[in-house]
Amino acid sequence: MTPEEMGIDTSRRNPSPRPLSDNERARLEEYIDSIHYSTRYSDNDYEYRHVQLPKAMLKAIPSDYHDKSKGTLKLLWEEEWRAMGITQSLGWEHYEVHEPEPHILLFKRPLNYQPPQC
């Protein structure tokens, strides 16, 4: 299932995944152990979870990952959120940022997701 089929507004992402430089990644390292992962919850179609970044981590994330019009992060490509130190199993899509608390990232994936077989 594509992000668009999941109702994700991909125009809120960078046009393509923007890799972190070694220096940018090093600035995020100190925060990785403090990332909090919610338990999973679901509806009839999707499984959800939220990821809470340390508030100070937002200032260390490169500015082109930020949506200046909303004051939040952009929706991140999987390559981007993994490079920042977020670790989850396969299939999760970053679909929203909780605007009152921009350090909280919302993820979803199809219920009973099975990764593609190689």
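This structure is a prediction, so every number in the text was calculated from the model and none was measured.

A. Structural detail: the environment of E29. On the secondary structure map, E29 appears in helix α1 (residues 22–29). Polar side-chain contacts of E29 include one of 3.1 Å to the side chain of R25.

B. Quick look at the packing of aromatic side chains. Scanning the model with the defined rule gives four aromatic pairs in all. Here Y41 and Y48 contribute two aromatic rings whose centre-to-centre distance is 5.8 Å and whose plane-to-plane angle is 15°, an arrangement assigned as stacked. Looking at Y41, the relative accessible area reads 36%, which means it is partly exposed. A network of ring pairs unites the aromatic residues Y41, Y46, Y48 and Y95 as a single cluster. For the cation-ring pair, R49 lies above W92, with the distance from its terminal atom to the ring centre recorded as 5.7 Å. Between the NZ or CZ atom of K108 and the centre of the ring of Y46, over which it lies, the distance is 4.3 Å.

C. Up close: the pairing of strand β7 (residues 104–110). In terms of burial, β7 is a largely internal element, seven of the seven residues being buried. When strand β3 (residues 46–52) meets β7, the two strands line up antiparallel, connected through seven bridges. Within the sheet, the bridge partner assigned to R49 lies in β7 and is F107. In sequence, strand β6 (residues 93–97) turns back onto β7 through a hairpin of six residues.

D. Focus on unusual backbone geometry. One non-glycine residue, N112, lies in positive phi territory at about 60°. When you line up the elements, N112 lands in the segment after β7. Looking at N112, the relative accessible area reads 66%, which means it is exposed.

E. Layout of the pattern of salt bridges. Applying the stated criterion to the full structure yields nine salt bridges. Residue R18 is joined to E24 by a salt bridge in which the shortest nitrogen-to-oxygen separation is 2.6 Å.

F. Spotlight on the pairing of β6. Pairing between β6 and β7: four bridges, direction antiparallel. In the strand pairing of β7, V97 is matched with L105.

G. Up close: the side chain of H94. As for its placement among the helices and strands, H94 is situated in strand β6. A polar contact is formed between the side chain of H94 and the backbone oxygen of E96, at a distance of 3.2 Å. With sequence-adjacent residues up to four places away left out, H94 is seen in contact with I8, R13, K74, L75, L76, W81, L105, L106 and F107.

H. Representation of the side chain of E24 within the structure. Of note, E24 is situated in helix α1. A relative accessible area of 12% means that E24 is categorised as buried. When residues no more than four places from it in sequence are discounted, the contact partners of E24 are R18, P19 and P62.

Conventions used here
- Residues numbered from 1 in each chain as written.
- Predicted model: local features only at pLDDT ≥ 70, side-chain atom pairs only at ≥ 80, totals over all residues.
- Heavy atoms only, no water.
- Helix = DSSP H or I, 4+ residues; strand = E, 2+ residues; numbered from the N terminus.
- Polar contact = N/O pair within 3.5 Å; in protein donor to acceptor, adjacent residues only side chain to side chain.
- Phe/Tyr/Trp six-rings, centres within 6.5 Å; stacked < 30°, edge-to-face > 60°.
- Buried < 20%, exposed > 50% of the residue type's maximum accessible area, 1.4 Å probe, protein only.
- Lys NZ or Arg CZ within 6 Å of the ring centre and 35° of its normal.
- Pairing = 2+ DSSP bridges.
- Salt bridge = Lys/Arg side-chain N within 4 Å of Asp/Glu carboxyl O.
- Contact = heavy atoms within 4.5 Å.

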